[in-house]
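# Coordinate analysis (summary)
One letter stands for each residue in the lines below.
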Amino acid sequence: MRVLLVEDDPMLGAAVCQALRDAAYAVDWLQDGRTASSALTRHDFEMVLLDLGLPHRDGLDLLRSLRVSGDSTPVIVVTARDALEQRIEGLDAGADDYIVKPFAVIELLARMRALSRRRVGSGVPLLGNGVLTLDPASKVATVEGNEHALSAREFALLRELLVRPGTVLSRAELEERIYGWGEEIESNVVEYIIHSLRRKLGADCIRNVRGLGWMVPKATAQEDAGA
Ligand code: CA
């Protein structure tokens, strides 16, 4: 899942960036409002973490124009502006959530998971397709009652497939979703991660669609209904 972090404080930005990468997010970090605004028009992000006090363009102004342009990318405002009026102003400008500095990174991560759930229209914390379930909080995958701990990359890749069962994602699409800008992508990394997931979870858990990419099957009941 690709996240844009907009934060001009170098220490805080570096710390959040690292924490998000450790939690298997692909993070792009920008430090001013103008660059962030231009990045948002050119790239798709699944979530934005937005500081408000930013050089060149205020975060609130950026958020308002994002919403006016019809962009509904989920935004969590991350700021030191903690007055009640400011929190209300931020939410009314189109923020989906608001977290006040200083904050615990584990709370930010939990809020991101909660926002992702609302995004896919599910209040249920687990992702799954009836055969396989994945817990985004613990990164544990369960198949036929057996739990398997996943590495950060394995989790990130499986998550991308499981939020859209039945949809084929190409190697390039998977790489884009699990790597941030400037992160070196090793060749065949997607094949390597899929190989490793299949060894843990069973060969049928991820299907290869020759020449196109990979998918996880839709739930069996849905397949039967469609047949
Ligand atoms: Ca700031």
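All of the points below concern the structure found in this document. Everything quoted here is computed from the prediction, not taken from an experiment. (Residues numbered from 1 in each chain as written. Predicted model: local features only at pLDDT ≥ 70, side-chain atom pairs only at ≥ 80, totals over all residues. Heavy atoms only, no water.)

Within the protein chain, the regular secondary structure consists of nine helices and eleven strands. On C-alpha atoms alone, the protein chain measures out to a radius of gyration of 19 Å, which is about the 17 Å that the 2.2 N^0.38 rule sets for 227 residues. Sequence-distant contacts in the protein chain: of pairs separated by 6 or more residues, those separated by 24 or more amount to 57%. Side-chain charges of the protein chain comprise 27 positive and 34 negative groups, with the mean position of each set lying 3 Å from the other. (Helix = DSSP H or I, 4+ residues; strand = E, 2+ residues; numbered from the N terminus. Rg over C-alpha atoms; globule rule 2.2 N^0.38 Å. Contact = heavy atoms within 4.5 Å. Lys, Arg positive; Asp, Glu negative; His and termini not counted. Charge placed at Lys NZ, Arg CZ, Asp CG, Glu CD.)

Turning our attention to the coordination of the calcium ion. Here the calcium ion is held by the protein donor atoms Asp8 (OD), Asp51 (OD) and Gly53 (O), which lie 2.1 to 2.3 Å from it. Counting along the primary sequence, the residues that act as donors to the calcium ion give the motif D-x42-D-x1-G. With Asp8 in the loop between strand S1 (2–6) and helix H1 (10–22) and Asp51 in the loop between strand S3 (47–50) and helix H3 (59–68), this residue pair connects regions lying 43 residues apart in the sequence. Its relative accessible area of 4% is what places Asp51 among the buried residues. (Donors = N, O, S within 2.8 Å, 3.2 Å for Na, K, Ca; no water. Buried < 20%, exposed > 50% of the residue type's maximum accessible area, 1.4 Å probe, protein only.)

Okay, the pairing of strand S7 (residues 132–135) next. Taking every second residue as pointing to the same face, the buried face of S7 carries Leu132 and Leu134, while none of Thr133 and Asp135 on the other face is buried. Sheet topology places strand S6 (residues 127–128) next to S7; two bridges connect them, and they run antiparallel. Looking at S7, one finds that Leu127 is bridged to Leu134. The antiparallel pairing of S6 with S7 creates a hairpin that spans three residues between the two strands, and Gly130 there sits at a positive phi of about 95°. Pairing of S7 with strand S8 (residues 140–143) involves four bridges; the strand directions are antiparallel. Looking at the pairing, Leu132 lines up with Val143 of S8. Turn length for the S7-S8 hairpin, with the two strands adjacent in sequence and antiparallel, is four residues, and the turn residue Lys139 shows positive phi of about 60°. (Pairing = 2+ DSSP bridges.)

As a further point, take the pairing of strand S5 (residues 97–100). Every other side chain in a regular strand lies on the same face of the sheet, so the side chains alternate between the two faces. As paired elements, strand S4 (residues 75–79) and S5 share four bridges and run parallel to each other. Bridge assignment links Ile76 to a residue of S5, and that residue is Asp97.

This next bit is on the sheet that holds S1. Overall, parallel pairing links the five strands, which are arranged S2-S1-S3-S4-S5 in an open sheet. With partners counted over all chains shown, the strands left at the sheet margins are strand S2 (26–30) and S5, one partner each. Ignoring which end each strand starts from, the neighbouring axes of this sheet average 20° apart. Pairing between S1 and S2: five bridges, direction parallel. (Axes fitted to C-alpha atoms, helices over the stretch in contact; angles between N-to-C directions.)

Coordinates in, geometry out; function isn't part of it.
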